[in-house]
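# Fold and contact review
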2 protein chains.
Amino acid sequence: MKKTDVLVVGGGPAGIISAVTARRYYPEKEVKLIKSVDKGVIPCAIPYMFYSLKNLKENALGNAPLEKNNVEVIVDEVTEISPDKKCVTTKKGEEYCYEKLIMAMGSDPVIPPIAGADKENVFAIYKDMEYLEKLADKIKEFKNVLIVGGGFIGVEFADELSCRKELNVSLVEMLPSILSQSFDAEFSAPVKERLEKKGVKLLTGVVLEEILGEKKVEGVKLSGNEKIDVDCVIFGIGASPNTKIAREAGIIVNKGKGVWVDEYMRTSEPDIFAVGDCAGKRDFFTRKGTAILLASTATAEARIAGASLYKLKLIRENKGTIAIYSTYIDGLALGSAGMTEDTAKKEGFEVVVGLVEGVDKHPGTMPEASKVKVKLIFSKQSGIILGGQVAGGMSCGELINVIGVAIQQRVSLNEFETLQMATHPCLTAAPTKYPLIIAAQNASNKM
Amino acid sequence: MKKTDVLVVGGGPAGIISAVTARRYYPEKEVKLIKSVDKGVIPCAIPYMFYSLKNLKENALGNAPLEKNNVEVIVDEVTEISPDKKCVTTKKGEEYCYEKLIMAMGSDPVIPPIAGADKENVFAIYKDMEYLEKLADKIKEFKNVLIVGGGFIGVEFADELSCRKELNVSLVEMLPSILSQSFDAEFSAPVKERLEKKGVKLLTGVVLEEILGEKKVEGVKLSGNEKIDVDCVIFGIGASPNTKIAREAGIIVNKGKGVWVDEYMRTSEPDIFAVGDCAGKRDFFTRKGTAILLASTATAEARIAGASLYKLKLIRENKGTIAIYSTYIDGLALGSAGMTEDTAKKEGFEVVVGLVEGVDKHPGTMPEASKVKVKLIFSKQSGIILGGQVAGGMSCGELINVIGVAIQQRVSLNEFETLQMATHPCLTAAPTKYPLIIAAQNASNKM
């Protein structure tokens, strides 16, 4: 039996940040981290391992931040948690006992139970370097690739793989449009256009019914009885929280939505915390359970848990997830934060929307100027911002974070319209035309 | 005598945005705008007219937004305001009477009263296309140029002019370092280095005492009795609010700091508003009068005034200026918002600072990755954010606006540390290393 003060289970961003934050707030405590995957990867950059990055190893998620922070790293798999004994047991037969346990076990990609899903050359996006290296090797043999799922992972894979001129890339999405969870039609339409121009065959409103072939994938059967020949199927339809050992330990798990946690990421068992994909999430606005699994949310949660292990050092609520993220498709940067217009309406909000198209430098003839499109969504009665979407050049990467801070601070349309923003010809739109402000004004006009 | 409902005096960003906002909120009102300079320029891009922009006309500030919004534009100069009659008179002898008057008369560049300042080839940065065209023409004849003032205008001019290989560019600044109003030493030092590498001779801690020459500039005398040969002197030492006609009209003007205004940009006279450089400013934190003249502040004020002309439609306070701006020097983007560490200490705040250096893509080997440096300054007791500085790649243009919203919302260190931020390999730093969060954590460690 081995002992430690703080034990973190999981080596992804949530686990790493939990351990590092624990070290920072409680320097006197011993911190150990157990991870099941020896060689991890930076999750968000997985798609870029298949064309953009010269060397797969560039995307390794190393142990350097852990070692630097004096966190002992153990490669093993936790198979059981005993909350009463305050110990875990592992696949290798070890027992580790803890004062405080942080579960950061992440999620596993979903492979739906359709016929043929067990065939050779069916892949999903595991955060495991060895697995992805194998996929990268195999892809060299393929000619026709089918991606399943039109969320951002599927779309990023389609963009990246379609850079390989030798591949025919198809993408199947059961909903009527791609990226519909995060973007309204004005924003997903240009992505569709770009992917199609690159030769990606987009099959929206179509369901994958069966994977065909002897041992290996040879084709798929789609709804409408269409059959297409493919050598490979890659699932990017989402991930399912790893809560099995938590459930077996009697820790309360939300219905299909991860481990139940309080404001400080504490579970139903004393001294056990949960963070990241395996922890339950609530929506920032509705407080409903939500299945949005993002590294941005995971690391924010890890910082709350790491700080709150022994004392509640960050006196604040976990406001829930605003589902903030960005992506980059064929040279178009996109960001989304909070609710889309469609989601807000479905949730019962009355909304007022501001939409603007502009340019991200000034004058627009400055070198490297890109078009930029911004949409802001406000609650009609309260005036509070509910969400935002941006599309355009590289500046969108941080532009969405400007909106994100405003959402998290529940800024009203009144305030948003007269925010002071830095502008510079080489870096941003003009002060007279700064798109976030103009979008707010457009919304204000409709109030 | 001509009549209008709303009369705006001044055709810069503050004037334009006032007029356009008035039109938007009060569509039934007639709006006229009088401007003294026929062909204006986009102020922030003036430095880029001397090398980067192919054609000076690209930086014209056109009347399109005014015409599109049905604002009548008059080229003339207001010489007198009669608040009792509610009329103005102009140089061309016209009289315009108004229901509501918005003064957006801007500022004029300061030329100090030193010997020789009236010689030929002494320039200042007027926002006037014809003047700047003349300067651009003249520069072709010069070999040795002296820029006076190491604030952002002087530094941007030095950067731009030093791209012209035929020019020897010197810059004189009386303070010990350049950009010291907006940046602490860690941020101004790399700018100094870059300018010097480009061949700019930086003379800091040096005072320009006299401009020498017969009729034309032939040289200058500096403190320490040094003389250098120059063909041209360009002043970029700041601007002075245009308040002469306001003062003559009996409107209260702050001591050297622009026209006194209330929360809604109303002056001491009923129905007269003032916005932009000619209006008094207060500091966001100390509420003291401040002479920071930025287009970002001006346009925010114009939006408040335009909305508040007849009814107080935006029920909010004018929180004062956070002095938010960005610049771009020899490929290095820089942004500053709120107080620097130096300023905060001088003002009497006890501060805790977080400083981090990172990279703005992830992994750092992604194409177009740049280094990024972030500094955040928090009040030690209250934990409230007081300021931030960023330096690095193009992403800094919007990164400073993320900080800006946080400052305007008075975000605490507690909240800042666990903000949710969108991250993407092609667009931002990793979620585990997002520099704003890491800088906040570094500050938190010192609390």
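Keep in mind that what you see is a predicted model, and the values were worked out from it rather than measured.

Moving on, we come to the overall build of chain A. Across its full length, chain A holds eleven helices and 28 strands. At 23 Å, chain A has a C-alpha radius of gyration in line with the 22 Å of a compact globule built from 447 residues. In terms of overall dimensions, chain A has a C-alpha envelope of 65 × 60 × 40 Å along the principal axes. Within the span of chain A, comprising 447 residues, buried residues form 55% of the whole. Taking the contacts inside chain A whose residues are at least 6 apart along the sequence as the reference set, 67% of them involve residues at least 24 apart.

What follows deals with the domain arrangement of chain A. Interface size, as often reported, equals the accessible area lost upon joining of the parts. In terms of domain boundaries, chain A breaks down into domain 1 (2-107 + 240-308), domain 2 (122-237) and domain 3 (331-445). The gap between the C-alpha centroids of domain 1 of chain A and domain 3 of chain A is 34 Å.

This next bit is on the pairing of strand β19 (residues 232-235) of chain B. Residue and element names in this part refer to chain B. Burial along β19 is two-sided: the face carrying C232 and I234 and the face carrying V233 and F235 are both buried. Pairing analysis gives three bridges linking strand β12 (residues 122-124) to β19, with the strands arranged parallel. From the neighbouring strand, F123 faces β19, where its bridge partner is I234. Of the strand pairs in this sheet, strand β13 (residues 144-148) and β19 are connected by four bridges, and their pairing is parallel. Bridge pairing links V148 to F235 in β19.

Let us look at the interface of chain A and chain B. The interface is formed by 69 residues belonging to chain A together with 69 residues belonging to chain B. Within the residue set of the side of chain A that touches chain B, elements represented by two or more residues are α1 (13-25), α7 (295-308), β24 (325-329), β25 (332-338), α9 (396-408), α10 (413-417) and α11 (435-445) of chain A. Here the side of chain A that touches chain B is built from residues that sort into 36 nonpolar, 26 polar and seven charged.

Let us now look at helix α3 (residues 129-139) of chain B. Residue and element names in this part refer to chain B. Among all positions of α3, only L132, L135 and I139 are buried. Projected down its long axis, α3 shows its buried positions confined to an angular sector of 55 degrees, all on one face. In this structure, α3 carries E130, K134 and D137 as exposed residues pointing more than 90 degrees from its buried face. Contacts made by the buried residues of α3 are with β4 (40-41) and β12.

Turning to the relation of the copies chain A and chain B, a few remarks are in order. With an axial shift of 0.0 Å and an RMSD of 0.0 Å, the rotation relating chain A to chain B amounts to 180 degrees. With respect to symmetry, the two chain copies, as superposed, fit the operation of a two-fold axis. Scanning chain A for the C-alpha nearest the rotation axis identifies A:V402, at a separation of 2.2 Å. Most of the interface of chain A is mirrored in chain B, where 100% of its interface residues again form contacts.

Take the environment of B:K255 next. Residue and element names in this part refer to chain B. Mapped onto the secondary structure, K255 falls in the loop between α6 (244-248) and β21 (272-274). Judged by local crowding, K255 falls into the exposed class, with 8 C-beta atoms found within 10 Å. For K255 and D330, which are 75 residues apart along the polypeptide, the C-alpha to C-alpha distance reads 38 Å.

So, on to the confidence of the model for chain A. Residues with a pLDDT of 70 or more make up 99% of chain A, whose mean pLDDT is 94. With a pTM of 0.91, the predicted complex shows an ipTM of 0.89.

The subject of this paragraph is the sheet that holds strand β18 (residues 227-229) of chain B. Residue and element names in this part refer to chain B. Strand order in the open sheet formed by three strands is β16-β17-β18, and the pairing between neighbours is antiparallel. Only two strands of the sheet have a single partner each, and these edge strands are β16 (208-212) and β18. Within this sheet the neighbouring strands show an average axis-to-axis angle of 20 degrees, counted without direction. Direction of pairing for strand β17 (residues 219-222) relative to β18: antiparallel, over a ladder of three bridges. Across the sheet, G219 pairs through a bridge with D229, a residue of β18.

How each quantity is defined
Residues numbered from 1 in each chain as written. Chains lettered and ligands numbered in written order. Predicted model: local features only at pLDDT ≥ 70, side-chain atom pairs only at ≥ 80, totals over all residues. Helix = DSSP H or I, 4+ residues; strand = E, 2+ residues; numbered from the N terminus. Rg over C-alpha atoms; globule rule 2.2 N^0.38 Å. Buried ≥ 20, exposed ≤ 12 C-beta atoms within 10 Å, placed from the backbone. Contact = placed C-beta atoms within 7 Å. Domains from an automatic or database assignment. Pairing = 2+ DSSP bridges. Nonpolar A, V, L, I, M, F, W, Y, C, P; charged D, E, K, R; others polar. Arc of directions from axis to C-beta. Least-squares fit on C-alpha atoms with pLDDT ≥ 70 in both. pLDDT = per-residue confidence, 0-100. Axes fitted to C-alpha atoms, helices over the stretch in contact; angles between N-to-C directions.

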